Amino acid sequence: MIGSHEQLIASLKSLESIIAKYDDVCDASIRNEMKTDGFYSSKQISDHLFAIREGSRDLKIGIIGRVKAGKSSLINALLFNGKEVLPKAATPMTAALTSIGYAKNFTAEVHFFGSNDIEQLKAKAQEFDSEITRRVKIYREEMAERQRNSSRPMPVVDDQKLRTKAIRDIGEDGVLAASADLYARIKASDVDVNVLGESRQLTANSAAELNKKLVEYVGSNGRFMPFTRELNLGMPLATLKGIEVLDTPGVNDPVKSREQRTYERLKECNAAFIVSPAGQFMSEQDFELADRLSAREGTQEIFIVASQADTQLHASIRKEAKGILPVAVEQLRATMAQQAGRALSQCDNEVLKRIATEQSSRLILTSGVCETLILGKGESHDTTADHAMKLLKTSYPDYFSKTEDVIANLTLLSGKESLKQAIESVRQKKSQILEQQANHFIDAQWHTFLKLKENVLDRLAEQRNDIESGEKSKVGEKLNSLKKASSKGVVAANNEFISQLEEVRLRLPAELEMVIQRAVDVVDEKTESAEGSEQKTRNVKKSGVVSWFSRKIGLGGYETESYTVATLQPLPIRRALEGLSRLMRNGLKDCVTQNMLQWRVNLISGLSRQLREAMGDEIVDVTRLQSVCRSTVNKIVSFPEVEIPELPAELAKSRKITGSSVDDFLEAANSYASVLEKKGFGFVEEIRHSISLMESKDIGEELLIDLMEEMRSLQKMMENKNLTLEKMSRMKAELEGI
């Protein structure tokens, strides 16, 4: 590194101060140097480095996991020493997206669902009721047929039991069931969503007081619980310093806006813990959750947490380990790591494939009940924890019989230290990355500053030479000639400007449209190649009296039927959409910037040539003219920003999709692609509009005004030649002394 950032900022402040101090002897060429591409002012550098350091201050950690996976226990262990601080939601599907961070006071910011969210829930709830009604009708018809075919009376099954069966078949944790449950709670509430507002701020003097207030918003029977979308908590606890934890709802969030917000917040996380119960390790739901983390710009540091590990230390593992607890723990860890590695390596996801090879350092065994038992010094009134303690004492008596050994071995099983080590490793890695980023930035700015200083000294030397060798009378004559020939110059400059602008108007939008169309075509191609089908089988009733009789006596009467289901590999489509999104967000603007940089060079050259031809070389100072041209063109060239929506959460999938889910995914993909395409072509129209506005500019008039202003400034310096040269000498000395 050339020098520290403090030295860089001090040097820049000195440069800026000198330029301002001697502004009356600085011409356009020096001022243009201060607008060099890539140059940051001292304030901009300070702000940029401050943003980097602020980014390194808080470590953002995402906690994801399916229903009852042990997320709450992990958060309690990480932040609250195992104690339960937050109210529990009524069901996992009513759990709010929750962020927890450090604050000087106990605070909570509660965000509510809007009317659009509630309308979506209502529509899904109606769809749920229709599906239940349809299934109950089918069940009744099946029972009626069995009754007709039976010689004995069959018990009457009431509608409630049939409804319960229908809910179970649909999926109690699915989107439709969750929507119906949440909407039913909203309907039963006395809260008017129209007067609820978007958010509320809560304050308290203690964690207990805050918990009491939060019960109304996220507690199982809270008045506002059905309406709560997101919760941002701040607490003055030492364990929260430097950490922000994001606790996410499970998969199949019934509210799209919250699912999208969860997806976007997870991408901000520096690390994420996928919590999966050791007894049902790495299920399909876990992979659905992992998909949320797999955006290319998303979380790279992912850890797999095998929760409830204590439940797997008995039976065969205890027998193989011969009752030696550390051996049993390592055997379980090896088994879980192998299972996770095998499952993750089969993913079409680069991040998860990499993590599959790093399970020795990324798999963490935890036990929430052990953390609870630690708080009670080996005892608990909780039946689950008490039962777990009895099993541990039975399976590993040498490790849980003596009081002095109990806490140490419960701590081993809790996994708390491993969690802290994982977080610390991410913190160090993040600090190293940000430090490197800061150093690269500082080095680049040092090089820019030194080059800038050199260029300013060169421009100053050229200007000093003009003053020393020039004559006041000749400058006056040039200024008068410039005034007389200015009308010719204005016409010549405007003609050149319009001519070059017309070429840009015809070429740039067409080039942008071609780039957009190519990207859209790639999405279409990837979508077409990703679609497929596969054969499945099912048992159906055979026709005929013999088959009917066989079914009646329970001896067959069925046959296997093949049917075709639609399939889709979503990852290629997702990657194509992410590419299209990046193109719309950055690529189009980069394309315009490169085009305009080249156009600016051509325009300055063309304007200089036309003015010299129209006004004469003896009137136009080429070097000064080019400096003025550059300054004038910079003032008139500006283009719009393009705002692009994030990838919808329902498209954050990488594993094969089958059945009706294929149509849902394709509909969402087509909708997002259409939005991006519309944004892209909208940007092109704004470019056309910007070019049209530029056509109305009288660049010739502006150029000649600026040029004459430069000449007047030069004339004034010539009138005070000795004072000007003295100032330039002082300016040079001060610049060289930086």
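Note: the structure precedes this text.
Residues numbered from 1 in each chain as written. Predicted model: local features only at pLDDT ≥ 70, side-chain atom pairs only at ≥ 80, totals over all residues. Heavy atoms only, no water.

(A) Quick look at the overall build of the chain. Across its full length, the chain carries 27 helices and twelve strands. What you see for the chain is a C-alpha radius of gyration of 36 Å, clearly larger than the 27 Å of a compact globule of 738 residues, by over 25%. Projected onto its principal axes, the C-alpha coordinates of the chain cover approximately 125 × 70 × 50 Å. Residues counted as buried form 46% of the 738 residues belonging to the chain. At a minimum sequence separation of 6, the contacts of the chain that also span at least 24 residues come to 85%. Of the roughly 37,100 Å² of accessible surface on the chain, 49% is carried by carbon and sulfur atoms. Between the mean site of the 103 positive side-chain charges and the mean site of the 108 negative ones, the chain shows a separation of 4 Å. (Helix = DSSP H or I, 4+ residues; strand = E, 2+ residues; numbered from the N terminus. Rg over C-alpha atoms; globule rule 2.2 N^0.38 Å. Buried < 20%, exposed > 50% of the residue type's maximum accessible area, 1.4 Å probe, protein only. Contact = heavy atoms within 4.5 Å. Areas by Shrake-Rupley, 256 points an atom, 1.4 Å probe, with all protein chains shown as cover. Lys, Arg positive; Asp, Glu negative; His and termini not counted. Charge placed at Lys NZ, Arg CZ, Asp CG, Glu CD.)

(B) Structural detail: the nonpolar core. Residues Leu 512, Leu 577 and Met 731 are the most contacted members of the largest nonpolar core, which totals 96 residues. If near-sequence neighbours (up to four positions away) are discounted, Met 731 is found in contact with Ile 18, Ile 19, Tyr 22, Val 25, Cys 26, Val 456 and Leu 460. Formed by 60 residues, the second largest nonpolar core is a distinct cluster that contains Val 110, Met 143, Tyr 183 and Ala 204. (Core = buried A, V, L, I, M, F, W, Y, C linked by side-chain atoms within 4.5 Å.)

(C) Seen up close, helix H17 (residues 383-395). With 13 residues, H17 should reach 18 Å at 1.5 Å per residue; the first-to-last C-alpha distance of 18 Å fits that figure. Those residues of H17 that sit buried are Ala 385, Ala 388, Met 389, Leu 392 and Ser 395. Down the axis of H17, the buried side of the element spans an arc of 135 degrees, and every buried residue falls inside it. Exposed residues on H17 whose side chains face more than 90 degrees from its buried face are Thr 383, Lys 390 and Thr 394. (Expected span 1.5 Å × (residues − 1). Arc of directions from axis to C-beta.)

(D) The arrangement of the side chain of Glu 230 in detail. Within the secondary structure layout, Glu 230 lies in strand S5 (residues 228-235). On the basis of relative accessible area, Glu 230 is assigned to the buried category, the value being 3%. One polar contact links Glu 230 to Arg 229, side chain to side chain, over a distance of 3.2 Å. (Polar contact = N/O pair within 3.5 Å; in protein donor to acceptor, adjacent residues only side chain to side chain.)

(E) The arrangement of the pattern of salt bridges in detail. Applying the stated criterion to the full structure yields 36 salt bridges. Residue Glu 710 is joined to Arg 31 by a salt bridge in which the shortest nitrogen-to-oxygen separation is 3.6 Å. Taken as a pair, Glu 710 in helix H26 (residues 699-719) and Arg 31 in helix H2 (residues 28-33) lie far apart in primary sequence, 679 residues in all. Accessibility expressed as a relative area gives 32% for Arg 31, which makes it partly exposed. A salt bridge links Glu 209 to Lys 213; the shortest N-O distance between them is 3.9 Å. (Salt bridge = Lys/Arg side-chain N within 4 Å of Asp/Glu carboxyl O.)

(F) Structural detail: the sheet that holds strand S11 (residues 558-568). An order of S10-S11-S12 is seen for the three strands of this open sheet, with the pairing classed as antiparallel. Strands at the two margins of the open sheet, each flanked by one partner only, are strand S10 (531-541) and strand S12 (657-658). Note that S10 and S11 share eleven bridges and pair antiparallel. Along S11, the bridge assignment pairs Thr 537 with Ser 562. (Pairing = 2+ DSSP bridges.)

(G) Layout of the packing of aromatic side chains. Evaluated as defined, the whole model comprises seven aromatic pairs. An angle of 50 degrees between the planes, with centres 6.4 Å apart, marks the rings of Phe 112 and Phe 224 as tilted. Here the residue Phe 112 occupies a position in strand S3 (residues 106-112), and Phe 224 occupies one in the loop between helix H9 (207-218) and S5, the gap between them amounting to 112 residues. For the residue pair Phe 112 and Phe 224, the accessibility class agrees, reading buried in each case. Between the aromatic rings of Phe 497 and Trp 599, the centroid separation amounts to 6.0 Å while the plane-to-plane angle is 50 degrees, which identifies the pairing as tilted. (Phe/Tyr/Trp six-rings, centres within 6.5 Å; stacked < 30°, edge-to-face > 60°.)

(H) Summary view of helix H16 (residues 368-375). Among the residues of H16, Val 369, Cys 370, Glu 371, Leu 373 and Ile 374 are the ones counted as buried. Tucked into the core, H16 has its buried residues touching helix H4 (71-79), H17, helix H19 (403-414) and helix H20 (416-469). Two to three positions downstream of the cap, the backbone nitrogen of Cys 370 sits 3.3 Å from a side-chain oxygen, assigning the N-cap of H16 to Ser 367. Backbone geometry just after H16 places Lys 377 at a positive phi near 55 degrees.

(I) Representation of the sheet that holds strand S9 (residues 363-365). In spatial order, the strands read S4-S3-S5-S2-S6-S1-S7-S8-S9; together these nine strands make up an open sheet with mixed pairing. Each edge of the sheet is formed by a strand with only one pairing partner; in this case those strands are strand S4 (199-204) and S9. Between one strand axis and the next, the sheet turns through 20 degrees on average, direction left out of account. As paired strands, S3 and S4 are joined by six bridges and run antiparallel to one another. Following the sheet pairing, Thr 107 is matched in S4 by Thr 203. (Axes fitted to C-alpha atoms, helices over the stretch in contact; angles between N-to-C directions.)

(J) Up close: the pairing of strand S6 (residues 243-247). Within S6, five of the five residues are buried, which leaves the element mostly enclosed by the surrounding structure. Alternating positions in S6 separate into two faces, Ile 243, Val 245 and Asp 247 on one and Glu 244 and Leu 246 on the other, with burial throughout. Where strand S1 (residues 59-65) meets S6, five bridges bridge the pair, whose relative direction is parallel. What sits directly across from Ile 63, in S6, is Asp 247. Where strand S2 (residues 97-102) and S6 come together, three bridges link them in antiparallel fashion. Considered in S6, the bridge of Ser 99 is made with Leu 246.

Distances and angles like these do not, on their own, reveal function.
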